[in-house]
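Per-entry structural report
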Amino acid sequence: LSFGFYDSNTLVDDIGNLVDIQRCPPKFLKYLAATIGWNLKTGDVDRWRAQLRHATYLYKSKGTQQCLEDAIALIFPSAGFSPLETLFNIRIVLT
């Protein structure tokens with residue numbers, strides 16, 4: 001009887017891992033992303049976790065220059081991304 005309780009407690013703990021970005025097994029991260037409508041980019045599991053951690057912020061700031069810069073930095077962290085103003089030699093004025 002005690003083994004039955006142990007198994008159910010372990011099962012509940014394991015289910016909790018599926019919704020925790022840091023503890024979720026890599027093979028289930030795509031499903032976790034799908035629950036919030038996110039498509040994971042790149043093939044690096046650490047980048048996937050970073051994308052999921054920042055997804056809420058990116059959804060809320062969608063359409064802003066800062067959001068675009070942050071999204072690119074999440075996907076290409078070592079690309080040395082420079083701000084849009086420097087990249088395209090333009091000046092952005094918000095009115």
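Note: the structure precedes this text.
This text gives an overview of the structure that appears in the document. (Residues numbered from 1 in each chain as written. Predicted model: local features only at pLDDT ≥ 70, side-chain atom pairs only at ≥ 80, totals over all residues. Heavy atoms only, no water.)

All right, on to the nonpolar core then. Membership of the largest hydrophobic core comes to 13 residues, with the highest contact counts inside it found for L29, L32, A33, W38, L40, L52 and L58. Sorting the residues of this core by element identifies α2 (29–35), α3 (45–60) and α4 (65–75) as the ones contributing at least two each. Considering each element in turn, this core owes the most residues, 5 residues, to α3. (Core = buried A, V, L, I, M, F, W, Y, C linked by side-chain atoms within 4.5 Å. Buried < 20%, exposed > 50% of the residue type's maximum accessible area, 1.4 Å probe, protein only. Helix = DSSP H or I, 4+ residues; strand = E, 2+ residues; numbered from the N terminus.)

This brings us to the packing of α3 against α4. Interaxial distance between α3 and α4 falls to 9 Å at its minimum, and their mutual angle equals 170 degrees. The angle between α3 and α4 falls in the class roughly antiparallel. For the pair α3 and α4, the contacting residues are R47, A50, Q51, H54, Y57 and L58 in the first and Q66, C67, D70, A71, A73, L74 and I75 in the second. Looking at the contact of α3 with α4, its residues break down into 8 nonpolar, 3 polar and 2 charged. (Axes fitted to C-alpha atoms, helices over the stretch in contact; angles between N-to-C directions. Parallel < 35°, antiparallel > 145°, perpendicular 65-115°, else oblique. Contact = heavy atoms within 4.5 Å. Nonpolar A, V, L, I, M, F, W, Y, C, P; charged D, E, K, R; others polar.)

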